[in-house]
Amino acid sequence: MRPKGFLSISKITLADGTEISTQQAIQYGWISPVPGRHAGWDLARHEVPLGTNLWVDQGRQLAAFCMGFRSPIADYTIAKFGVGTGSRAPNVADVALESPIVLASTASVVAPINGIDFLSPFVMRVSYTVAAGDANGNLITERGLFSGNNTLLARHVTSAGINKTSDFSPTLTWRLRF
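Residues numbered from 1 in each chain as written. Predicted model: local features only at pLDDT ≥ 70, side-chain atom pairs only at ≥ 80, totals over all residues. Heavy atoms only, no water.

S.K.: Outline the overall build of the protein chain, listing residues and values.
M.R.: When you go through the protein chain residue by residue, the secondary structure sums to two helices and eleven strands. Taken from the N to the C terminus, the helices and strands of the protein chain come in the order β-β-α-β-β-α-β-β-β-β-β-β-β. A globule of 178 residues ought to have a C-alpha radius of gyration of about 16 Å, and the protein chain, at 15 Å, matches this closely. Residues counted as buried form 44% of the 178 residues belonging to the protein chain. For the protein chain, the share of sequence-separated contacts (at least 6 apart) that also reach a separation of at least 24 residues comes to 71%. Summed over all atoms, the accessible surface of the protein chain reaches about 8500 Å², with 55% contributed by carbon and sulfur. The protein chain carries 15 positive and 12 negative side-chain charges, and their two centres are separated by 8 Å. (Helix = DSSP H or I, 4+ residues; strand = E, 2+ residues; numbered from the N terminus. Rg over C-alpha atoms; globule rule 2.2 N^0.38 Å. Buried < 20%, exposed > 50% of the residue type's maximum accessible area, 1.4 Å probe, protein only. Contact = heavy atoms within 4.5 Å. Areas by Shrake-Rupley, 256 points an atom, 1.4 Å probe, with all protein chains shown as cover. Lys, Arg positive; Asp, Glu negative; His and termini not counted. Charge placed at Lys NZ, Arg CZ, Asp CG, Glu CD.)

Have a look at this one:
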């Protein structure tokens, strides 16, 4: 049995630090909601759904390592995210994003997540923000969650991407259900 996940955009912050509604970001053409079913994922009204993800095999392996307290545990927990422009459907054998974008804020294809909280006994929520200076001029269509040792855990691809400019920083929320 493979864990399930769902991704949404939960907040938009302008370059000057002002927050705007996700509906305004849709009107500006920065983000596009993905139509379809998202019932049962406890989305807030302001969240823009992006769809489900795929836990890759190496992500499932690292989850098992966490439960067994394999050392160092920080190598196996969700700690980073990455974004890209790839369009290939996720596959359980994926080990990387198809077309990762180097993020200016870290000079790497991964950056630290904002944090993790737990919505219910079986659901964790991971949030991360693509900084104003990151991925500009790209249509972000793929996203990944990575462990502390940069192992890809889960991958999401959609044709409705984020038209990233330096005008805004999207905060994304990734729910994972076990």
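Still more ground to cover, so stick around.
S.K.: With reference to specific residues and values, describe the pairing of strand 5 (residues 78-84).
M.R.: Strand 5 sits mainly inside the fold: five of its seven residues count as buried. Bridging between strand 5 and strand 9 (residues 138-147) involves six bridges; their strand directions are antiparallel. Each residue of the ladder has a partner; that of Lys80, found in strand 9, is Phe146. (Pairing = 2+ DSSP bridges.)

S.K.: Which residues make up the sheet that holds strand 4 (residues 54-55), and what are the values?
M.R.: Paired through their backbone hydrogen bonds, the strands of a sheet run either parallel or antiparallel. A sheet is described by the order of its strands in space; here five strands give the open sequence 4-10-9-5-6, paired in antiparallel fashion. At either end of the open sheet lies a strand with only one pairing partner, and these are strand 4 and strand 6 (111-112). With respect to the sheet, helix 2 (residues 57-67) is in contact with strand 4, strand 9 and strand 10 (152-164), its orientation differing from that of strand 10 by roughly 130 degrees. (Axes fitted to C-alpha atoms, helices over the stretch in contact; angles between N-to-C directions.)

S.K.: So what's going on with unusual backbone geometry? Which residues, and what values?
M.R.: Here Ala135, not a glycine, exhibits a phi torsion of approximately 60 degrees, which is positive. By secondary structure assignment, the location of Ala135 is in the loop between strand 8 (123-129) and strand 9. One non-glycine residue, Asn150, lies in the positive phi region at around 70 degrees. Within the fold, Asn150 resides in the loop between strand 9 and strand 10.

S.K.: Quick one: what's the story with the pattern of salt bridges, residue by residue and with numbers?
M.R.: Within the structure shown, the criterion is met by seven salt bridges. The partner of Arg175 in a salt bridge is Glu47, and the shortest N-O contact between them spans 2.8 Å. One end of the pair, Arg175, is in strand 11 (residues 168-177); the other, Glu47, is in the loop between helix 1 (22-28) and strand 3 (48-52), with 128 residues separating them in the sequence. For Glu47, a relative accessible area of 9% gives the class buried. The salt bridge partner of Arg155 is Glu142, with a shortest N-O separation of 2.9 Å. (Salt bridge = Lys/Arg side-chain N within 4 Å of Asp/Glu carboxyl O.)

S.K.: Help me get a handle on the side chain of Thr141, residues and values and all.
M.R.: Along the polypeptide, Thr141 turns up in strand 9. A distance of 3.2 Å separates a polar atom in the side chain of Thr141 from the backbone oxygen of Thr85. Every residue in contact with Thr141, bar those within four places of it in the chain, is listed here: Gly84, Thr85, Gly86, His156, Val157, Thr158, Ser159 and Gly161. (Polar contact = N/O pair within 3.5 Å; in protein donor to acceptor, adjacent residues only side chain to side chain.)

S.K.: An account of the environment of Thr151 is requested, with residue identities and associated values reported.
M.R.: If you trace the backbone, Thr151 turns up in the loop between strand 9 and strand 10. For Thr151, a relative accessible area of 15% gives the class buried. On a C-alpha basis, the gap between Thr151 and Gln58 in space is 7.5 Å, while along the polypeptide they are 93 residues apart. Reaching out from Thr151, the side chain makes a polar contact with the side chain of Asn149 at a distance of 2.7 Å.

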